[in-house]
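A structural walkthrough
Spelled out from the first residue to the last, the chains are:
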Amino acid sequence: MFEPLTWALVALSLAATVFALVLAGLDRRINWWLLGLIGVVEVALVAQLVVGIVQLAGTERDVSGPFFIGYLIGALLVLPIGALWALADSSRWGAGALAIACVVIPVVELRLHTLWVA
């Protein structure tokens, strides 16, 4: 896998987590800046999906293809679901739900990294 993209995704999603937690702590709804950051993370996840599938097809490594692709697709779905939940909830808990969705991304990225290098 392309490691700089993986670590960039971890950093961006952790930044989005902190941003969402600050909004939740201030009892505010999510804003366009946070949604923009989520959009950047989502575009990077799409790029990772494409790169991951291409690299999986061309590798001789012993990587479980269904698990690997499942993690790539799952990571792609988490943030839109969290953002929809956050937009639907007008309290601080909407930002909290989005923060939880953002925390899932580094966990999935680290699992993808582990699958790839093992």
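Below, the structure is looked at part by part. Note that the structure is a prediction, hence the values are computed from the model and not measured.

Remarks on the overall build of the chain
Across its full length, the chain holds 4 helices and 0 strands. Starting at the N terminus, the α and β elements of the chain follow one another as α-α-α-α. Relative to the globule expectation of 13 Å for 118 residues, the C-alpha radius of gyration of the chain, 15 Å, shows essentially globular dimensions. Seen through its C-alpha atoms, the chain measures out along the principal axes to roughly 50 × 20 × 20 Å. Sorting the 118 residues of the chain into buried and exposed places 42% on the buried side. Considering only residue pairs separated by 6 or more positions, the chain has 75% of its internal contacts joining residues 24 or more positions apart. Surface exposure of the chain reaches about 6400 Å², of which carbon and sulfur atoms provide 74%.

A short note on helix α2 (residues 32–57)
When the terminal C-alpha atoms of α2 are compared, their 37 Å separation across 26 residues agrees well with the 38 Å that a helix rising 1.5 Å per residue should span. Of the residues making up α2, those classed as buried are Leu 34, Leu 37, Ile 38, Val 41, Glu 42, Ala 44, Leu 45, Gln 48, Leu 49, Gly 52 and Leu 56. Of the surrounding elements, those touching the buried residues of α2 are α1 (3–25), α3 (65–88) and α4 (92–117). One side-chain oxygen of the residue at the start of α2 lies 3.2 Å from the amide nitrogen of Trp 33, identifying that residue as Asn 31.

Remarks on the environment of Trp 32
Relative to the elements of secondary structure, Trp 32 occurs in helix α2. Sequence separation between Trp 32 and Ile 100 is 68 residues, and the spatial gap between their C-alpha atoms is 18 Å.

Let's talk about the nonpolar core
Core analysis: the biggest nonpolar cluster contains 34 residues, and Leu 34, Ile 38, Leu 45, Phe 68, Leu 79 and Leu 98 have the highest contact counts within it. Counting only elements with at least two residues in this core, the list comes to α1, α2, α3 and α4. If you tally residues by element for this core, the top one is α4, at 10 residues. Contacts of Ile 38, omitting those with residues within four sequence positions, involve Ala 16, Leu 79, Leu 98 and Cys 102.

The rules we used
Residues numbered from 1 in each chain as written. Predicted model: local features only at pLDDT ≥ 70, side-chain atom pairs only at ≥ 80, totals over all residues. Heavy atoms only, no water. Helix = DSSP H or I, 4+ residues; strand = E, 2+ residues; numbered from the N terminus. Rg over C-alpha atoms; globule rule 2.2 N^0.38 Å. Buried < 20%, exposed > 50% of the residue type's maximum accessible area, 1.4 Å probe, protein only. Contact = heavy atoms within 4.5 Å. Areas by Shrake-Rupley, 256 points an atom, 1.4 Å probe, with all protein chains shown as cover. Expected span 1.5 Å × (residues − 1). Polar contact = N/O pair within 3.5 Å; in protein donor to acceptor, adjacent residues only side chain to side chain. Core = buried A, V, L, I, M, F, W, Y, C linked by side-chain atoms within 4.5 Å.

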